[in-house]
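Descriptive structure summary
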Amino acid sequence: MSTILCALHDTVLAQYSNPTPEAPPLADKLMQMGRYFTWLVQLSGITAITYGGGRFAWEKWNGGGLQSPKMIASAMAGGAVATSAGTIMNAVI
C-alpha cells in the first residue's frame, strides 16, 4: 500500500512544474500609491516644522506666550513615527 501511495505521489507531483513568480494584479498602482503617501507625509512634516519655526520667531518677536516649541517637538515626534513606520513597511514588503 505504501509503495502505491509513493508512486501516486510522485506521479501527481510530476504533473506540476515550478510556477514562475508573478506580481499580483494592480501591484504597480499600490506601490505608486505608497510612494505618493510617503511623499505627502514628508511634505507635511517639513511644512509643520517650517510653520512651527516661523511661529516661534513671531512669538519671540512679539513677546507672546511660547506655544511653538511644543508644535516643533510634536512635528518632530510625528516625523520620527512616520519614518519608523516607513522603515517597518519596507522591511515587511
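Since the structure is predicted, the reported quantities are computational estimates derived from the model, not experimental observations.

**Considerations on the layout of surface pockets**
The volume enclosed by the largest pocket comes to roughly 610 Å³. If you go around the largest pocket, you meet 24 residues; those closest to its centre are Gly-34, Phe-37, Thr-38, Ala-82 and Gly-86. In terms of residues, the lining of the largest pocket owes the most to one element, helix H2 (residues 27-62), which gives 13 residues. Broken down by class, the residue content of the lining of the largest pocket amounts to twelve nonpolar, eleven polar and one charged.

**Here's the deal with the UniProt feature "transmembrane region" (unreviewed entry) in the protein chain**
Under the present numbering, the feature "transmembrane region" (unreviewed entry) in UniProt falls on residues 36-58 and 70-92. For the annotated span residues 36-58, helix accounts for 100% and strand for 0% of the residues, and the straight-line distance between the end C-alpha atoms is 33 Å.

**Overview of the environment of Phe-56**
As for its position among the elements, Phe-56 is in helix H2. Remark: the alpha-carbon pair of Phe-56 and Lys-70, spanning 14 residues in sequence, is separated by 9.9 Å. In this structure Phe-56 touches Leu-66, Ser-68, Pro-69 and Ile-72, once residues within four positions along its chain are discounted.

**Here we look at the pattern of salt bridges**
Counted under the stated rule, the structure contains one salt bridge. Between Glu-59 and Arg-55 there is a salt bridge; the shortest N-O distance is 3.1 Å. One end of the pair is Glu-59 and the other is Arg-55, both in helix H2 and four residues apart, which spans about a single turn.

**A closer look at the packing of H2 against helix H3 (residues 68-92)**
Packing of H2 against H3 brings their axes to within 8 Å, and their N-to-C directions diverge by 165 degrees. What the angle tells us is that H2 and H3 run roughly antiparallel. Here the hand of the crossing between H2 and H3 comes out left-handed. Where H2 approaches H3, its residues Val-41, Ala-48, Ile-49, Tyr-51, Gly-52, Gly-53, Arg-55, Phe-56 and Glu-59 are matched on the opposing element by Ser-68, Pro-69, Met-71, Ile-72, Ala-75, Met-76 and Ala-82. Looking at the contact of H2 with H3 residue by residue, the class counts come to eleven nonpolar, three polar and two charged.

**Some words on a nonpolar patch on the surface**
Where nonpolar side chains cluster on the molecular surface, the patch consists of Phe-37, Trp-39, Leu-40 and Leu-43 and spans about 460 Å² of accessible area. Secondary-structure assignment places Phe-37 in helix H2. Take Phe-37: its relative accessible area is 55%, and that puts it in the exposed class.

**Overview of H2**
Given a rise of 1.5 Å per residue, 36 residues ought to cover 52 Å, and the 52 Å separating the end C-alpha atoms of H2 matches this to within 8%. Among the residues trailing H2, Gly-63 stands out with phi positive, at a value near 75 degrees.

Conventions and cut-offs
- Residues numbered from 1 in each chain as written.
- Predicted model: local features only at pLDDT ≥ 70, side-chain atom pairs only at ≥ 80, totals over all residues.
- Heavy atoms only, no water.
- 1 Å grid on protein atoms, 1.4 Å probe; cavity = no way out; pocket = protein on both sides within 12 Å on 5 of 7 lines; lining within 4 Å.
- Points joined across faces, edges and corners; volume = space filled by probe spheres on them.
- Helix = DSSP H or I, 4+ residues; strand = E, 2+ residues; numbered from the N terminus.
- Nonpolar A, V, L, I, M, F, W, Y, C, P; charged D, E, K, R; others polar.
- UniProt positions renumbered as here; feature names shortened; annotations may be inferred.
- Contact = heavy atoms within 4.5 Å.
- Salt bridge = Lys/Arg side-chain N within 4 Å of Asp/Glu carboxyl O.
- Axes fitted to C-alpha atoms, helices over the stretch in contact; angles between N-to-C directions.
- Parallel < 35°, antiparallel > 145°, perpendicular 65-115°, else oblique.
- Left-handed = near helix turned anticlockwise from the far one by under 90°.
- Patch = residues over 30% accessible without salt bridge, like charges linked within 9 Å, V, L, I, M, F, W, Y side chains within 5 Å.
- Areas by Shrake-Rupley, 256 points an atom, 1.4 Å probe, with all protein chains shown as cover.
- Buried < 20%, exposed > 50% of the residue type's maximum accessible area, 1.4 Å probe, protein only.
- Expected span 1.5 Å × (residues − 1).

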